[in-house]
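# Fold and contact review
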Amino acid sequence: MPDNERRYGTIVTDIGTILIRQAITEGKKINLTTLCVGDGGGAYYQPTPDMKELRHKCWSGPINKVAVNRESKNMIDIVAKIPADVGGWTIREMSVDDEEGNMIAICNTPDTEKVLISSGAAGEIEMTMQMQISNTGVITFIVDPNIIGATKQDIEDHDKSPTAHEEQFRQKADLTDFNAHVSDQSIHVTEAQTENNNLAITGLIAHKEDRIVHITADERAAWNEASATAKKAAADAADAVQRITTLEGRVSHVEDGLFSNITGNPFLVSFDSLSGVKLVKGIWNKEQQRIEC
């Protein structure tokens, strides 16, 4: 048959349909555990529902991963990984079996060479069988956690996820914030500014400890007392000057009366006795009974 006339797909077997109906009726589950691959007996063929096993099984192994198909919610992608040390044949058929060994579904595939490599992951091949059923609630899958691997699509989806590397993003954001903080000149000083500040602080400390330009509390008290004494002495001196000025006025007035204008400034001098008094010049005032000079 020409390749362009070949059709590929998955069908649920008759036994699979019976078991699914029973599970729905009885509220039970069908546990799918194994994926089988074969070479189809060496040629392409169309599977039929009455089949109970592959035409020529070449390998079977535990299910590696199960996921709902991106295109259809009723389609399940069943994945298994064929190891490197298995091969030397062409994959043309696959089936999925339950834990009792019943073939639930079968599919044919385009020819896929499985080479045999003695060691290394390079020879591993991951096969996906798509199974479409109307009631996915009755199907459960037993996945072997020891052989779970990541496909290229898994890695791409992981890398595109906004939360896949949240911790790394947070650390990167923290580092970005830190770098921005370090570069912020508005909250930091330069080395030259730091040096200037250190010099200023050193100068302040030296000034504070300088006893020549500072005084103690006792010295300040003594200075305050001396200042008060000086103020009082200044006030006393001003008062003495005022008194002297007043006294000088009085003396001047007496001198003027005695020596400058005797006639215009008469005065009276009384003596208890004239003994020792020698009158040089004077006028006897007979009426007043006195000597006027």
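This one's a predicted model, so the numbers in the text were calculated from it and none came from an experiment.

Taking strand neighbours across the sheet as the criterion, the three strands line up as β4-β5-β8 in an open arrangement whose pairing is antiparallel. Either end of the sheet is taken by a strand with one partner, and the two such strands are β4 (65–68) and β8 (125–132). Averaged over all neighbouring strand pairs, the angle between strand axes comes to 25 degrees, with direction disregarded.

Scanning all chains against the criterion turns up four salt bridges. The salt bridge involving Asp236 is made with Lys232; its shortest N-O contact spans 3.2 Å. Linking Asp236 with Lys232, this pair stays in helix α5 (residues 217–260), spanning four residues, or about one helical turn. A salt bridge links Asp239 to Arg243; its shortest N-O distance comes to 2.9 Å. Note that Asp239 and Arg243 are positioned in helix α5 at a spacing of four residues, about one turn of the helix. Since its relative accessible area comes to 38%, Asp239 is described here as partly exposed. Since its relative accessible area comes to 59%, Arg243 is described here as exposed.

Let us look at the nonpolar core. If you look at the biggest cluster of nonpolar residues, it comprises 26 residues, and the most contacted ones within it are Ile82, Met94, Val96 and Met131. Elements with a contribution of two residues or more to this core: α1 (14–26), β2 (30–38), β5 (75–82), β6 (89–98), β7 (103–114) and β8. With sequence-adjacent residues up to four places away left out, Met131 is seen in contact with Thr10, Leu32, Asn74, Met75, Ile76, Ile78, Val96, Ile104 and Ala105. Formed by six residues, the second largest nonpolar core is a distinct cluster that contains Cys36, Tyr45, Leu54 and Ile106.

About the cut-offs
- Residues numbered from 1 in each chain as written.
- Predicted model: local features only at pLDDT ≥ 70, side-chain atom pairs only at ≥ 80, totals over all residues.
- Heavy atoms only, no water.
- Pairing = 2+ DSSP bridges.
- Helix = DSSP H or I, 4+ residues; strand = E, 2+ residues; numbered from the N terminus.
- Axes fitted to C-alpha atoms, helices over the stretch in contact; angles between N-to-C directions.
- Salt bridge = Lys/Arg side-chain N within 4 Å of Asp/Glu carboxyl O.
- Buried < 20%, exposed > 50% of the residue type's maximum accessible area, 1.4 Å probe, protein only.
- Core = buried A, V, L, I, M, F, W, Y, C linked by side-chain atoms within 4.5 Å.
- Contact = heavy atoms within 4.5 Å.

Without other data, these values stay purely geometric and don't point to any function.
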